[in-house]
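# Fold and contact review
Each chain, written out:
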Amino acid sequence: MAHNISEKMFALTQRNSVVRQMFEEGNRLAAIHGRENVFDFSIGNPNFPAPQKIKEAVYDVLENEPSTMVHGYMSNAGYADVRSAVASSLNSRFGTSFDGNNIIMTVGAAGSINVILKTLLNPGDEVIAIAPYFLEYGNYVANYDGVLVVVPPNIPDFQPDAETIGRTVTSKTKAVIVNSPNNPTGVIYSEETIKKIAAVLEQKQKEYGHPIYILADEPYRELCYDGAEVPWLTKFYRNTIVGYSWSKSLSLPGERIGYLVIPSEADDAALIIDAAAIANRVMGFVNAPSLMQRVVMRCLDERTDIASYDNNRKLLYKGLKDAGFECAYPQGAFYMWVKTPCDDKEFSNIAKKYNILVVPGSSFACPGYVRIAYCVSPKTIEGSLSGFKKLGEELFGK
Ligand SMILES: Cc1ncc(COP(=O)(O)O)c(C=O)c1O
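The structure contained in this document is the topic of the report that follows. Just so we're clear, the structure is a prediction, and the values are computed from it rather than from any experiment. (Residues numbered from 1 in each chain as written. Predicted model: local features only at pLDDT ≥ 70, side-chain atom pairs only at ≥ 80, totals over all residues. Heavy atoms only, no water.)

Across its full length, the protein chain carries 14 helices and 13 strands. Against the compact-globule benchmark of 21 Å for 398 residues, the protein chain has a radius of gyration of 21 Å, which places it among compact chains. Its C-alpha atoms give the protein chain principal-axis dimensions of about 60 × 55 × 55 Å. The proportion of buried residues among the 398 residues of the protein chain is 55%. A separation of at least 24 residues holds for 74% of the contacts in the protein chain among residues at least 6 apart in sequence. By element, 52% of the accessible surface of the protein chain is carried by carbon and sulfur atoms, the whole surface being about 17000 Å². Averaging the positions of the 39 positive and the 44 negative side-chain charges in the protein chain gives two centres separated by 3 Å. (Helix = DSSP H or I, 4+ residues; strand = E, 2+ residues; numbered from the N terminus. Rg over C-alpha atoms; globule rule 2.2 N^0.38 Å. Buried < 20%, exposed > 50% of the residue type's maximum accessible area, 1.4 Å probe, protein only. Contact = heavy atoms within 4.5 Å. Areas by Shrake-Rupley, 256 points an atom, 1.4 Å probe, with all protein chains shown as cover. Lys, Arg positive; Asp, Glu negative; His and termini not counted. Charge placed at Lys NZ, Arg CZ, Asp CG, Glu CD.)

Structure below.
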C-alpha cells in the first residue's frame, strides 16, 4: 500500500496495541448492551478516584502559588523543590541518600522509560525484557533503534531466572528492564530473585567491561497486598535507574506525572542526569506537567485505597477458582494472570460472548494465559462472575 508516513509508524498502524483495541471493543459493546452489562477488564485504568488530598492540593497550588510558577517553564529536569522533596521522601522510606539532583521529573512511567532509553541507547544496543512484560517496551526501545531481547517466562511462579538472564546478556546489552510488582502477573520479584539478578549482572559487567543498567519500572510500587514489600533495587545493584509514576499509585494516569531516580553511584551518573534532562527537552516533553509537579510534592505520603483493590482481588480470585480456572493469587499491582485451557486469543474471543473483555497473554509475550485488570468497580466483578462461570462450563465441558 502506498503511503507517505514513516515506515516505522506505518508498521505500528498495522499492529495497534491489543489492549487499546480491547478498550475500543469495550466501548462498542457498551453502546450495544449498556455499560453496566459489559465487563471490561482490558486496561489498567484505575477505577478508584484519586485521594481527596489531590483535589485539595490542586486548589491550594492554584490559590496560593504565583501563576508564573504554576504554569511557567522551569528547568527541563523539573522544579528544584519538587525534586528535593521526592529525594527526601525516598530517603526516609528506603534509607538512601539521594538529593534533588538524582531526580528528573518525567511525563509518567512511559516518559521515564523513553527518556532513559533515549539517554542510554546507541543504534543496535540491546535491552532485555523479562516475559511476560508490558509490550510497549518493544516500541520504546525501537524508538531509539535499540533491540529488545526477551527472556522467556519462568513458569509457573514467574520469578525471573537469573541464569537465563545471564545467558541472554551479550556484549551489546545496555540495560535490563525489571518491572515489579509485575504487569501482567501481579508477582513481586523477591529479594532473593533480585540478589541473584544483581550477582549475574555484576559478573557480566566485569566480563564485558562496561555497565549494564537495570531499569526498574515501578508504577505499581505501592500496590502490594498482605504487607508484602518490594525490594528497593538501588540497594542491591549500583547501576540501577528507577522509573516511577503516580499513574496507578494515586489514580492519575491521564495527568502524566512521574520521575526517574539516577543514583550518584551509578556509572556515568552525572552525564546521565544531564542527558536525561536534555532528553526530556528534545523529545518534546520539555518538562513534566508543572501543576502536577507542585501537586504531587504536597501528596508524597498519600496512598491509594489499597483495601478496595484487595477486596476486588479476593472477590475475583474466588469467582475464578469457583469457575474452575487456575491462577496465582496476585501479590501486587491489580492484575490477575489466568491460565487458559485453550489458546489464549481464542479464550479472549470466547469470553466476549459473555461480554467479558480480557487481554490474551500473547500480548505480553506469554501465550497460554490471559490478563484480567481488576482495577474496576466491585460491581463489574460481581456482574462478571456468572459469565466466568458459564465460560468455565463451556471450556471445561462441565
Ligand atoms: C509496567 C508498566 N510500565 C509503564 C506503564 C506506563 O505508565 P504511565 O501511564 O505512568 O506512563 C504502565 C502502564 O500501564 C505499565 O503497566
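On to the nonpolar core. If you look at the biggest cluster of nonpolar residues, it comprises 64 residues, and the most contacted ones within it are Val86, Leu90, Met105, Leu201, Trp246 and Tyr259. Viewed by domain, this core spans two of them, domain 1 (7–51 + 305–396) and domain 2 (52–297), each represented by three or more residues. With sequence-adjacent residues up to four places away left out, Tyr259 is seen in contact with Val86, Leu90, Ile103, Ile104, Met105, Thr106, Ser112, Val242, Gly243, Tyr244 and Trp246. In this structure, Tyr220, Tyr225, Ile356 and Ala373 belong to the second largest nonpolar core, which totals 33 residues. (Core = buried A, V, L, I, M, F, W, Y, C linked by side-chain atoms within 4.5 Å. Domains from an automatic or database assignment.)

For Glu65, the position within the fold is in the loop between helix 3 (52–64) and helix 4 (67–71). By relative accessible area, which is 14% here, Glu65 ends up buried. Separated by 2.5 Å, the side chains of Glu65 and Arg294 make a polar contact. A polar contact of 2.7 Å, which involves the side chain of Glu65, links it to the side chain of Arg298. Dropping the residues within four chain positions of it, Glu65 is found in contact with Asp60, Val70, Arg294 and Arg298. (Polar contact = N/O pair within 3.5 Å; in protein donor to acceptor, adjacent residues only side chain to side chain.)

With 15 residues, helix 5 (residues 80–94) should reach 21 Å at 1.5 Å per residue; the first-to-last C-alpha distance of 21 Å fits that figure. Turning to helix 5, its buried residues number three or more, namely Val82, Arg83, Val86, Ala87, Ser89, Leu90, Asn91 and Phe94. Tucked into the core, helix 5 has its buried residues touching strand 2 (103–106), strand 8 (258–261) and helix 11 (290–297). Looking one or two residues past helix 5, Gly95 carries a phi angle of roughly 70°, positive in sign. (Expected span 1.5 Å × (residues − 1).)

Near the ligand, the surroundings consist of 14 residues, among which Asp217, Tyr220, Ser245, Ser247 and Arg256 are the closest. Residue Ser245 places a side-chain N or O atom 2.7 Å away from an oxygen atom belonging to the ligand. For the ligand, whose free accessible area comes to 400 Å², the fraction covered by protein is 92%. When residues in the shell around the ligand are grouped by element, the largest group, three residues, is from helix 6 (residues 108–120). By residue class, the composition of the shell around the ligand is six nonpolar, five polar and three charged. (Near = heavy atom within 4 Å. Nonpolar A, V, L, I, M, F, W, Y, C, P; charged D, E, K, R; others polar.)

This next bit is on the pattern of salt bridges. Under the counting rule described, the total for this entry stands at 18 salt bridges. Here Asp310 ties to Lys314 by a salt bridge, and the two come within 3.3 Å at their closest N and O atoms. Here Lys314 and Asp310 lie together in helix 12 (residues 306–322), a separation of four residues that amounts to about one turn. A residue is classified by how much of its surface remains accessible, and Asp310, at 13% relative accessible area, is buried. Here the salt bridges share partners, and the residues they tie into one network are Asp60, Glu65, Asp81, Arg294 and Arg298. (Salt bridge = Lys/Arg side-chain N within 4 Å of Asp/Glu carboxyl O.)

This next bit is on the packing of helix 3 against helix 11. Running from amino to carboxyl end, helix 3 crosses helix 11 at an angle of 120°, the nearest separation of the two axes being 9 Å. As the angle between them shows, helix 3 and helix 11 are arranged oblique. Both helix 3 and helix 11 take part in a crossing whose hand is right-handed. Listed contacts from helix 11 to Ile54, Ala57, Val58, Val61 and Leu62 of helix 3 are Leu291, Met292, Arg294 and Val295. Here the contact of helix 3 with helix 11 is built from residues that sort into eight nonpolar, no polar and one charged. (Axes fitted to C-alpha atoms, helices over the stretch in contact; angles between N-to-C directions. Parallel < 35°, antiparallel > 145°, perpendicular 65-115°, else oblique. Left-handed = near helix turned anticlockwise from the far one by under 90°.)

Strand order across the open sheet formed by four strands is 9-10-13-12, with antiparallel pairing between neighbours. Strands with a single pairing partner mark the edges of an open sheet, and in this sheet they are strand 9 (326–327) and strand 12 (359–360). (Pairing = 2+ DSSP bridges.)

Our next topic: the sheet that holds strand 8. Reading across from one edge, 2-8-7-6-5-3-4 is the order of the seven strands in this open sheet, with mixed pairing throughout. Each end of this open sheet is capped by a strand with a single partner; those strands are strand 2 and strand 4 (147–151). Along the sheet, successive strands turn relative to each other by an average axial angle of 20°, direction set aside. The sheet contact formed by strand 3 (residues 126–130) and strand 5 (residues 173–178) spans four bridges and is parallel. Its bridge partner lying in strand 5, Glu126 is registered against Thr173. Lying on the sheet, helix 7 (residues 136–143) is in contact with strand 3, strand 4, strand 5 and strand 6 (213–217); it crosses strand 4 at an angle near 150°.

The subject of this paragraph is the packing of helix 6 against helix 7. Viewed as axis vectors pointing N to C, helix 6 and helix 7 meet at an angle of 35°, and their least axial separation amounts to 9 Å. In this structure, helix 6 meets helix 7 at a crossing whose hand is right-handed. Contacts from Ala110, Ile113, Asn114 and Leu117 in helix 6 reach Tyr137, Tyr140, Val141 and Asn143 in helix 7. Partitioned by chemical class, the residues of the contact of helix 6 with helix 7 number six nonpolar, two polar and no charged.

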